Each structure stands twice: as structure tokens, then as C-alpha cells.
Protein chains: 2
Amino acid sequence: MTEAGLSTRGEKKERTRRAILDAALRLSEETGLGGLSLRQVAKEVGIVPTAFYRHFASIDELGLALVQESFSSLRAMIRDVRRGNPQIEEIVDRSVQVLDEHVRGQRAHFSFIARERNGGSAVVRAAVRQELALFERELATDLARLPMDHWSAEDLHILSRLIVVAMIAVAEEILELPDREGSAIRDRARTQLLMLIVGALNWRSRPAEEK
Amino acid sequence: MTEAGLSTRGEKKERTRRAILDAALRLSEETGLGGLSLRQVAKEVGIVPTAFYRHFASIDELGLALVQESFSSLRAMIRDVRRGNPQIEEIVDRSVQVLDEHVRGQRAHFSFIARERNGGSAVVRAAVRQELALFERELATDLARLPMDHWSAEDLHILSRLIVVAMIAVAEEILELPDREGSAIRDRARTQLLMLIVGALNWRSRPAEEK
DNA sequence: AGTTTCAGTGTACGCACGTTCACTGAAAGG
DNA sequence: CCTTTCAGTGAACGTGCGTACACTGAAACT
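Only a predicted model underlies this, so the values are computations on that prediction, with no experimental measurement involved.

A. Inspection of the UniProt feature "DNA-binding region" (unreviewed entry) in chain A at higher detail. According to UniProt, the "DNA-binding region" (unreviewed entry) feature falls on residues 37–56 of chain A. Helix makes up 40% of residues 37–56 of chain A and strand 0%, with an end-to-end C-alpha separation of 13 Å.

Encoded structure:
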């Protein structure tokens, strides 16, 4: 017998690992990852401080695992947007709705990304930025599938970046006001996206001034 | 005689205060304000830890002073943009150029704002966000002076927010690559602003679909 | 049945932290 | 000239930190 019902060695270890990740995610919402101590996390999980080392070599390594986890959340979100219909006019409403749902459902992940993008340790910050850059590139290829002719790869990427930073700003607004029902925020987010899209639709057809 | 050349009581105190602010600004670039200790700052300045209390009651109070200082920088920047000419087509180039200069010249201030906006202590974060909201409102009234007819106050504010988050993103890019000459970044920033403006110019004249 | 593996324990260490308190000495003021 | 003010000193405290080391006991393997 190598695997039993719910208490094999590996299962127990995995459960503790999850508990550590969850505790770190929750505690770091108040202090930031940098202000997080190994001992706090251990106490929260219910293990002795030194047992932490059985799972991670340092807080930074824990942080990298949280980066992966948080971006899995984010990718699941755009997969949710894609699933359904690419109706060109419905896409704004659907994107905003999905963003709102995911940010509220996975607030810890989004808050982690927003926070550690600028603050915290250099290695975690670098990981977040790399994932964010990757995400921008993915969005750019998504945009390329829409009927926007004559767009250079460069312009697509710039538009993608604009959309990402706007949506991060919206996510930060949602995170800031947890209780308030966010219909006003959703309306503003819709307007923001629409403005960007109107700009995009009139982009290469209009400004032939630089070159 | 109440004031002498360069060593009156008040002057010496003010000089120490400045040294504390400068040291904190520099040290917090590596660790964040939250990861900053009173003892570190004191050692950097060259005073004994307890002398810190003669100037600030806590690190948080120091942080609030740095918020004020950093936003003075930011306001000086848009004053620089306004000074000169409001030539409608020149405004993008000038804005990007001034942004680039100021971010490089006052990198510590911009880095402080970008960092403490999300991370760090609750009170400092709240102060940064309030100042940022105020700044957005100022920009909105600036925009209202440009020839954009039929814009609601709400839409102006949304556009203002889009511009602010886009410019913060540009500032973060500049901060990220200190040595590299940022002509590529400037080009992309110009394109971003132009996209936003093209969107703005085609905004109320086009989408009459919602209401 | 006997041996190995290893997640978790418990103690102990040296260190940096914020804060307290009584102090010093020169500038400011009478 | 004598007194007050106050920026900066220096020693001491309790606390939480990361990490080391030797350990235990049950699951896994032979």
C-alpha cells in the first residue's frame, strides 16, 4: 500500500503547505510580504517556527509560490472572459463583470499582486513584473484576433499595456471599498474601457501626423 | 540678537530634520517605509536613536511628511507642464518630456509614491491615495480648459484617472531602468497619451449607444 | 520485523528593534 | 550673569526575530 484515504505522508505535508500559503496570503494583506515573519506564519498555521523550513527555504521562496498562485487566478480570469462569446460589443460588459467577480472572489490574490508589484523584496517584485509583462503580451495576442487592421505589434502592445494598467486601477478601487456595492465602480470601469476602445478604433485611421 | 549666520538653534534643528527626511527617503527605496527602522535612520543621519523623537513621534509621522514632500514634487511637475504654451498638439511631447525629466530628477519622490500607494502602513497609504485623488481632480479641471465640448464632469474625471494611471505606469518604467536611455520609453509614453487623446476627441461625438 | 525517512518538536543563541529615563551642554532669554 | 530651554546623549529594559541543533515518532520501504 502506498496511498491511503486521507493521511498518507505526502498528503499531510501538502495540507500543511497549503495552510502556510493561505496564512501568508492573509497575514500579508495587513503588513505586506516584507513585514511578514516566519514566526507569525508558523503560529498562525499551528506549527513550530523551525518546521517552516520543511516547506520553504525562506519567506522570499514562499513569496515566489504566492506569485505563481496569484497569476493562476489572473489567468483563470481572462480564460473566463474568453469563454462565452467574442461579440464585439458585449465584450466590455462581460470583461468588467468578470473582473469584478474575480477580484471580489480572489481578493487576496489581486491584493497581493497590486502590493508586491512595487513594494517588498526585490526578487518577488521582479517575479511579479515578469508575470505581468507576460500577461500583457498574452492580452496583445488576444487583441490581435479582434478586427483591428493595420495595427503594428508595437501599437498592440501599447494598447494592451493601457488596458492592463486601467484594469489594475479598477481592481485597486474594488479592493479599497469592500462593503460598498460597486455598481458605480463598474460603470466607471465600463466607461474607461469604452474610451480606450473608441481611441483604438480611431487610431491608425486618423493620426498620420508623426510618420 | 536672535538669528546668527549659520548656527542658530532653529537652523541646526531644521538641518537635522532634513537629514532625517533624506535618509528615510533613500533607505526606504530598498526596504519600503514599512521595513524602515528608527535605528537605521538615526545611524544613517549620525544621531542617537532617541534623538529621532525630537523631530517625529513615529515612523508613520515621518511618512506623512514624506507624502507631503513627494506630492510637492508632483505638483511642481504639472506646474512645469502648464508653464510654457498650451498648444494643443505640442502638449503631448511637452508632458512626456517634463515627466521624464522630473522622474529622473526626483526619482526618490516618485518611487515613494508608487511604492507607498499600495504597500506600507495604513495611514500613509491613505494619505497617498487622498493626495492622488486630489491630483486627479486638479488634472480634470485642467482638461476642462481644453476644447472638449459636451463633456460631463464625470467623464472628465474618468479620462483624468486614465491619464494619471497611464503616466504612473510610465514613471514606474522609467524608475525600473535607471541607466538605459529612455527614448523608447518616451516614445511609448507619447503613443499612450496620443491614443488616450484620440479616444477623447472621438468620445462624445461617437458613442450614443448607452443613453 | 527491522530499518530508514522525514514532518514536526523544543531549546537555546545572538541580534535588532522601539521605548524609558536621567543626563549634558550650549544657545536663547531674563 | 544667571536661568531656562531643548537637541542630542548613553545606558538599560523587554520583545520578537531568524536560525542552529539534537530530538521524536509514525509512515514508508525492504
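B. The relation of the copies chain B and chain A, seen in detail. Each copy of the sequence occupies a distinct position, and chain B is placed on chain A by a rotation of 180 degrees and an axial shift of 0.0 Å, giving an RMSD of 0.1 Å. Taken together, the turn and the small shift mark the pair as related by a two-fold rotation axis. For chain B, the residue whose C-alpha comes nearest the rotation axis is B:Gly199, separated from it by 1.6 Å. When the interface residues of chain B are mapped onto chain A, 100% of them again lie at the interface, so the same face is used by both copies.

C. Spatial organisation of helix 2 (residues 38–45) of chain A. Residue and element names in this part refer to chain A. Listed as buried for helix 2 are Leu-38, Val-41 and Ala-42. Buried residues along helix 2 cover an arc of 100 degrees about the axis, so they all sit on one side. Of the residues in helix 2, the exposed ones pointing more than 90 degrees away from the buried face are Arg-39 and Lys-43. Lining the buried residues of helix 2 we find helix 1 (9–31) and helix 3 (59–82). After helix 2 finishes, the residue Gly-46 shows a positive phi value of roughly 95 degrees.

D. Seen up close, the protein's contact with DNA strand D. Taken together, 18 residues sit near DNA strand D, with A:Arg39, A:Tyr53, B:Arg9, B:Thr16 and B:His55 positioned nearest. Backbone sugar and phosphate groups make up 48% of those atoms of DNA strand D lying within 4 Å of the protein. In this structure, A:Ser37 approaches DNA strand D through a side-chain N or O atom, which is 2.7 Å from a phosphate oxygen. Within the backbone of A:Leu38, one N or O atom sits 2.9 Å away from a phosphate oxygen of DNA strand D. Of all the secondary-structure elements, those providing two or more residues to the surface near DNA strand D are helix 2 of chain A together with helix 1 (9–31) of chain B.

E. Geometry of the UniProt feature "domain: HTH tetR-type" (unreviewed entry) in chain A. Sites flagged by UniProt as "domain: HTH tetR-type" (unreviewed entry) map to residues 14–74 of chain A. Within the segment residues 14–74 of chain A, helix and strand shares are 69% and 0% respectively, and the terminal C-alpha atoms sit 23 Å apart.

F. Quick peek at the protein's contact with DNA strand C. Of all residues adjacent to DNA strand C, which total 19 residues, the nearest are A:Arg9, A:Thr16, A:His55, B:Arg39 and B:Tyr53. When the atoms of DNA strand C within 4 Å of the protein are sorted by group, sugar and phosphate make up 46%. At a separation of 3.1 Å, a phosphate oxygen of DNA strand C approaches a polar backbone atom of B:Arg9. One of the side-chain N or O atoms of B:Arg39 is found 2.4 Å from a base nitrogen in DNA strand C. Looking at the surface near DNA strand C, the elements with two or more residues in it are helix 1 of chain A together with helix 2 (38–45) of chain B.

G. Inspection of the confidence of the model for chain A at higher detail. All names here are of chain A. Predicted confidence across chain A gives a mean pLDDT of 90, with 91% of residues reaching 70 or more. Of all helices and strands in chain A, the one with the weakest mean pLDDT is helix 8 (residues 183–201) (91), whereas helix 2 scores best (98). Counting contacts from residues 1–5, a segment whose pLDDT is below 50, to residues more than four positions away or on other chains yields four contacts.

H. Expanded view of the interface of chain B and chain A. Between chain B and chain A, the residue contacts involve 34 residues of the former and 34 residues of the latter. Both sides together, the interface formed by chain B and chain A hides about 3,400 Å², and carbon and sulfur atoms give 63% of it. Counting the contacts that link chain B with chain A gives six salt bridges. Residue B:Arg161 pairs with A:Glu173 through a salt bridge whose shortest N-O separation is 3.2 Å. Among the secondary structure elements, those contributing two or more residues to the side of chain B that touches chain A are helix 5 (107–116), helix 7 (153–176) and helix 8 (183–201) of chain B. If one sorts the elements of the side of chain B that touches chain A by residue count, helix 7 of chain B sits on top with 13 residues. Among the residues forming the side of chain B that touches chain A, the class breakdown is 14 nonpolar, seven polar and 13 charged.

Rules and cut-offs
Here the residue index of a chain counts from 1 through its sequence in written order. Going through the entries in the order they are written, you letter the chains from A and number the ligands from 1. Totals for whole chains, interfaces and linings use all residues, but because this is a predicted model, local features are given only for residues with pLDDT of at least 70 and pairs of side-chain atoms are given and counted only at 80 or more. Side-chain numbers here rest on the full set of heavy atoms in the structure, without hydrogens or water. UniProt positions are given in the numbering used here, feature names are shortened, and annotations may be inferred rather than shown by experiment. Numbering of helices and strands starts at the N terminus; helices are DSSP runs of H or I of at least 4 residues and strands are runs of E of at least 2. Copy-to-copy alignment: least squares on C-alpha atoms, limited to residues at pLDDT 70 or above in both. Contacts were defined at the residue level, with two residues in contact if any of their heavy atoms lie within 4.5 Å. Buried means the residue's accessible area, taken with a 1.4 Å probe over protein chains only, is under 20% of the maximum for its type, while exposed means over 50%, and partly exposed covers the values in between. The directions from the helix axis to the C-beta atoms form the arc being described. Note on terminology: near, applied to a residue and a molecule or strand, indicates that one of the residue's heavy atoms is within 4 Å of it. Definition of a polar contact: a pair of N or O atoms within 3.5 Å, with one able to donate and the other able to accept a hydrogen when the atoms are protein atoms, and with sequence-neighbouring residues admitted only if both atoms are side-chain atoms. Along the chain, pLDDT gives the predictor's confidence residue by residue, from 0 to 100. Values labelled buried area give the accessible surface lost by two parts on being combined, using a 1.4 Å probe and summing over both. Counted as salt bridges are all cases of a side-chain nitrogen of Lys or Arg within 4 Å of a carboxyl oxygen of Asp or Glu. The nonpolar class holds Ala, Val, Leu, Ile, Met, Phe, Trp, Tyr, Cys and Pro. Asp, Glu, Lys and Arg form the charged class, and all remaining residues, Gly among them, are polar.

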